[in-house]
There are 2 protein chains.
Amino acid sequence: MSDSNFRLLKTDAQSKARRGELTTPHGKVQTPAFLPVATQGTVKTLLPDEVRGMGYAMLLSNTYHLYLRPGLPVIERFGGLHRFMGWDGPILTDSGGYQVFSLATLRRITDKGVTFRSHIDGSEHLFTPELAVQFQEIIGADIIMALDECPAPDGGFEKVREAARRTHLWAERCLKAQRRCDQMLYAIVQGGTFPELRRELARFLTALDFPGYAIGGLSLGEPKKEMNAIIKETVALLPPGKPRYLMGVGSPEDLVEGVARGIDLFDCALPTRVARNGSLFTRSGRINIRNAAYRQVEQPVDPKCDCHTCRTFSAAYLHHLFNSRELLAYRLATLHNLTFISRLMAQIRDSIMDGSFNSLKDEFLAGYRTTNEPVRLEQKRKWLREHVSTDDGTGQPYPPAMM
Amino acid sequence: MSDSNFRLLKTDAQSKARRGELTTPHGKVQTPAFLPVATQGTVKTLLPDEVRGMGYAMLLSNTYHLYLRPGLPVIERFGGLHRFMGWDGPILTDSGGYQVFSLATLRRITDKGVTFRSHIDGSEHLFTPELAVQFQEIIGADIIMALDECPAPDGGFEKVREAARRTHLWAERCLKAQRRCDQMLYAIVQGGTFPELRRELARFLTALDFPGYAIGGLSLGEPKKEMNAIIKETVALLPPGKPRYLMGVGSPEDLVEGVARGIDLFDCALPTRVARNGSLFTRSGRINIRNAAYRQVEQPVDPKCDCHTCRTFSAAYLHHLFNSRELLAYRLATLHNLTFISRLMAQIRDSIMDGSFNSLKDEFLAGYRTTNEPVRLEQKRKWLREHVSTDDGTGQPYPPAMM
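No experiment lies behind these values; they were computed from the predicted model shown. (Residues numbered from 1 in each chain as written. Chains lettered and ligands numbered in written order. Predicted model: local features only at pLDDT ≥ 70, side-chain atom pairs only at ≥ 80, totals over all residues.)

Novice: How should I be thinking about the overall build of chain A in this particular structure?
Specialist: Within chain A one finds 15 helices and 16 strands. In terms of overall dimensions, chain A is globule-like: its C-alpha atoms have a radius of gyration of 20 Å, near the 22 Å expected for 403 residues. Along the first, second and third principal axes, the C-alpha atoms of chain A reach 60 × 50 × 45 Å. Here chain A holds 403 residues, and the buried ones make up 53% of them. Put simply, 68% of the contacts in chain A that link residues at least 6 apart link residues at least 24 apart. (Helix = DSSP H or I, 4+ residues; strand = E, 2+ residues; numbered from the N terminus. Rg over C-alpha atoms; globule rule 2.2 N^0.38 Å. Buried ≥ 20, exposed ≤ 12 C-beta atoms within 10 Å, placed from the backbone. Contact = placed C-beta atoms within 7 Å.)

Novice: In this structure, what is going on with the pairing of strand 3 (residues 27–31) of chain A? I would like to understand it.
Specialist: Put simply, side chains in a regular strand alternate between the two faces of the sheet. All names here are of chain A. Strand direction decides the pairing type here: strand 2 (residues 18–24) and strand 3, joined by five bridges, are antiparallel. Bridge pairing in strand 3 links Leu22 to Val29. Connecting strand 2 to the next strand, strand 3, in antiparallel fashion are two residues. (Pairing = 2+ DSSP bridges.)

Novice: Looking at this model, I keep getting lost on the interface of chain B and chain A. Mind explaining?
Specialist: Often the size quoted for an interface is simply the accessible area lost on bringing the parts together. Counting residues at the interface gives 29 residues for chain B and 29 residues for chain A. Contributing elements (two or more residues each) for the side of chain B that touches chain A: helix 2 (63–77), helix 3 (81–85), helix 12 (315–323) and helix 13 (327–353) of chain B. If one sorts the elements of the side of chain B that touches chain A by residue count, helix 12 of chain B sits on top with five residues. Of the residues contributing to the side of chain B that touches chain A, the split by class is 13 nonpolar, ten polar and six charged. (Nonpolar A, V, L, I, M, F, W, Y, C, P; charged D, E, K, R; others polar.)

Novice: Can you help me understand the packing of helix 6 (residues 157–177) of chain B against helix 7 (residues 195–207) of chain B in this one?
Specialist: Each pair of packed helices gets described by two things: the angle between the helix axes and the distance between those axes. Residues and elements named next belong to chain B. Contact geometry of helix 6 with helix 7 gives a least axis separation of 10 Å together with a crossing angle of 10 degrees. On the basis of the axis angle, helix 6 is roughly parallel to helix 7. On the side of helix 6, the interface is formed by Val160, Arg161, Ala164, Thr167, His168 and Ala171, while helix 7 contributes Leu197, Glu200, Leu201, Phe204 and Leu205. Per-class residue counts for the contact of helix 6 with helix 7 are seven nonpolar, two polar and two charged. (Axes fitted to C-alpha atoms, helices over the stretch in contact; angles between N-to-C directions. Parallel < 35°, antiparallel > 145°, perpendicular 65-115°, else oblique.)

Novice: Just checking my understanding: could you explain the sheet that holds strand 1 (residues 6–11) of chain B for this structure?
Specialist: By definition, the strands of a sheet pair up through backbone hydrogen bonds, in either a parallel or an antiparallel sense. All names here are of chain B. Reading across from one edge, 1-2-3 is the order of the three strands in this open sheet, with antiparallel pairing throughout. The open sheet has two free edges, formed respectively by strand 1 and strand 3 (27–31), since each of these has just one partner strand. Neighbour-to-neighbour, the strand axes of this sheet turn through a mean angle of 15 degrees, independent of strand direction. The sheet contact formed by strand 1 and strand 2 (residues 18–24) spans five bridges and is antiparallel. Within the sheet, the bridge partner assigned to Phe6 lies in strand 2 and is Leu22.

Novice: Whenever I open this one, helix 6 (residues 157–177) of chain A confuses me. Can you help?
Specialist: Every α-helix winds through 3.6 residues per turn, so residues three or four apart in the chain are directed the same way. Residues and elements named next belong to chain A. Its 21 residues give helix 6 an end-to-end C-alpha distance of 30 Å, which sits within 8% of 30 Å, the value for a rise of 1.5 Å per residue. Burial in helix 6 covers these residues: Val160, Arg161, Ala163, Ala164, Arg166, Thr167, His168, Trp170, Ala171, Cys174 and Ala177. Buried residues in helix 6 make contact with helix 5 (129–139), strand 11 (184–189) and helix 7 (195–207). (Expected span 1.5 Å × (residues − 1).)

Novice: Is there a simple way to explain the sheet that holds strand 11 of chain A in this structure?
Specialist: Residue and element names in this part refer to chain A. Pairing within the open sheet is parallel, and its eight strands lie in the order 4-14-13-12-11-10-6-5. Looking at strand neighbours, the two that pair on one side only are strand 4 (33–35) and strand 5 (59–62), the edges of this open sheet. Direction aside, neighbouring strands of the sheet carry axes that sit 25 degrees apart on average. Relative to strand 12 (residues 213–215), strand 11 runs parallel, the two sharing three bridges. If you follow Ala187 over to strand 12, its bridge partner there is Tyr213.

Novice: Could you clarify how one ought to interpret the nonpolar core in this entry?
Specialist: Generally speaking, nonpolar side chains in soluble globular proteins are found buried as a group. In this structure, A:Ala146, A:Tyr186, A:Leu318, B:Ala146, B:Tyr186 and B:Leu318 are the most contacted members of the largest nonpolar core, which totals 238 residues. Contact partners of B:Leu318, with chain neighbours within four places excluded, come to B:Ile289, B:Val301, B:Thr309, B:Phe313, B:Ala329 and B:Leu332. (Core = buried A, V, L, I, M, F, W, Y, C linked by C-beta atoms within 7 Å.)

Novice: Would you mind showing me how to read the environment of B:Leu327 here?
Specialist: Tracing the backbone through its elements, the reader meets B:Leu327 in helix 13. Residue B:Leu327 is classed as partly exposed on the basis of its 17 C-beta neighbours within 10 Å. Measuring from C-alpha to C-alpha, the distance between B:Leu327 and B:Thr45 comes to 8.7 Å, with 282 residues separating the pair along the chain. Once you skip the residues sitting within four places of it in the chain, B:Leu327 turns out to touch A:Lys44, A:Thr45, A:Leu327 and A:Tyr330.

Novice: Help me understand the confidence of the model for chain A in this model?
Specialist: When pLDDT is low, close inspection of the predicted coordinates is not appropriate. All names here are of chain A. Within chain A, residue pLDDT values average 92, and 94% of them lie at 70 or more. Within the model, the stretch residues 388–403 combines pLDDT values under 50 with 38 contacts to residues more than four positions away or in other chains. Our summary of model confidence lists the complex with pTM equal to 0.93 and ipTM equal to 0.93. (pLDDT = per-residue confidence, 0-100.)

Novice: Any chance you could explain unusual backbone geometry here in plain terms?
Specialist: Negative phi characterises most residues that are not glycine, and trans characterises most peptide bonds. That bond from A:Arg69 to A:Pro70 is cis: its omega, 5 degrees, falls within 30 degrees of zero. Its location among the elements puts A:Pro70 in helix 2 (residues 63–77). A positive phi angle is found at B:Asp209, which is not glycine, with a value near 55 degrees. Examined against the element boundaries, B:Asp209 turns out to sit in the loop between helix 7 and strand 12 (213–215).

Novice: How do you make sense of the relation of the copies chain B and chain A when you look at a structure like this?
Specialist: Note that the two copies of the chain are related through a rotation about an axis and a translation along the same axis. Superposition of chain B onto chain A requires a rotation of 180 degrees combined with a translation of 0.0 Å along the rotation axis, giving an RMSD of 0.0 Å. These values place the two chain copies in the arrangement generated by a two-fold rotation axis. Residue B:Leu327 of chain B places its C-alpha closer to the rotation axis than any other residue of that unit, at 3.9 Å. Same-surface contact between copies: 100% of interface residues of chain B are shared with the interface of chain A. (Least-squares fit on C-alpha atoms with pLDDT ≥ 70 in both.)

Spelled out as structure tokens, the structure:
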């Protein structure tokens, strides 16, 4: 597809924020946009109609997961994921790189590709750049991703450089392997927290003229300040006319900060994952509905929220459902959090158009109590330590997919 | 409320089936009717709107569960369960008798009432007939149930007789304890599989002139033939002008057989419980969607079914969701099974009106492959043995609530 699939509608005067429109074979996506995560071909607990009803245009799904379950022959039989999962809007698939490096075990990485064992049944599989493209052509997403090597966040300069070199090599081969002309193949800029590596890889990849560029390898335990600095530096290296996709980032404050630095697309499991844990977004920060304080609260979680949950049920009822481990709890919480994010993205888009993005950003960040940074980092690193797999032959820990 | 809350519209000429209309403070219920089970104030996985949308008029909820969680002060604060759970149609609450005798532990039963320990946290509680009515007045259901003693299915004649005596005594006290005049209090005919005990208790209870009568203590491991015989004999003892409610019975074949014997109301967790296990109703019997045979099936589970699941998704997709333990699986399966039961009940009601019930019954039972009876009984008894609690001081096993 030609570059004209992305059209810039407005560029903010006071920040790097942009308002754009992405055209795909399954419809248009207004950017900046957040993609809910449908890892295994379903946005957990929700029907496609409900996701659409909240205003989402595009979903993310996952090649690694779909390849293992239900398996590509099943998806092929349905002519692709759209029909299989009943979603007729745009889809983006991740190549599986991140999951192979986080979920799977016994990885052997060479320039050819990566051999790994399934996290489900231990069976051995090979992903090469060529296969990653072929698999994604079977799945049939509108945007597909080049296979990348996602280095461990604390792997050190040499490891990250080696991963960047391979990511570059693989991106070239993905481009050559592409057979379908109705899918947009995006490249992923890796390089960890080393600006020189990000710069080098961005230069290589932009020379290959992909229709879009992703920034990978962030939100893996580094401080937010460092992440935002890397985003800013990397975005500056990317062509202004192409969409920029920040992978795996999606707390409300990260979305606002990312847009301010010129990001157009985001995906993240966080809003849906924390929802299932009872953590709900409000304009003043996250609350946990399992807290005993909500036991008798007749008001909804957020009286100003227009999601089905807040329009219909009290905080006390939601508290009761979580307390009783009722399946409806996870559904109602997911609806709420995804409505919150959808509304935030719509407000961001509107504010870029009318020139008020900077004041929206300041107002939002002033009102939104983020998780205390040292506590957040401590929790995230502890979690990474507990969940890492070290049997990849290198002794290097990798962060698990937080799906 | 006066007896006129139940109106018989038609009595079948060739069977005991009746078509009726039950009037409650929250609307009318066309009978024969099946009540989906909202044990903890939610039909598992579904929104109230969805349950209504499938054609259900009335729900069942559970005093024992609501009393323990969220606790009656919470429900009272909301003015009752209707507002708390967002369901403005009729509700029936079970008194908690069955759950106390099945889920709770350390029961001490005297004529005064029953002391038990919560299955959640082991805390000690007392249910008396007076308290059971008071609790149900707080919950505010349209139909409430007298506290009964549900004897173990293999407790022997003396135990069952003693339970029947107490059930009679408690029913009288429930009637006296009633303060609200907008709720219908139904009595429960116990008596196990002993026709003489059923007869004696039915005579006592009908003399007290309740607005409705339930048949309890069935579907607890006895052969279906025996159950149907008991239903037939017990119904014959009940006044024709009052609704008859068969508690805890609800496989498709049991509904058809129950209607044929004059039952007006049913409740059962089976359709929703087996759904979450992947067992789906079709006109030819239950299928299990987790079976590998469905892996590639492009057709819906039942191409003729008009439920949201069958209209939208393939059997292969449902198989994938179950296989991947995705939460949407339980929701889609519940929607399908409850739609199946709702449609069956609507067909039954229509057929009674136009005089074709008997042929509907014969046709349904001829086409519907029920679970093999010896296998079913073996499984049920094994399950009862594994789940019974014997720490009630009597050494007698009680069946657990299958919620």
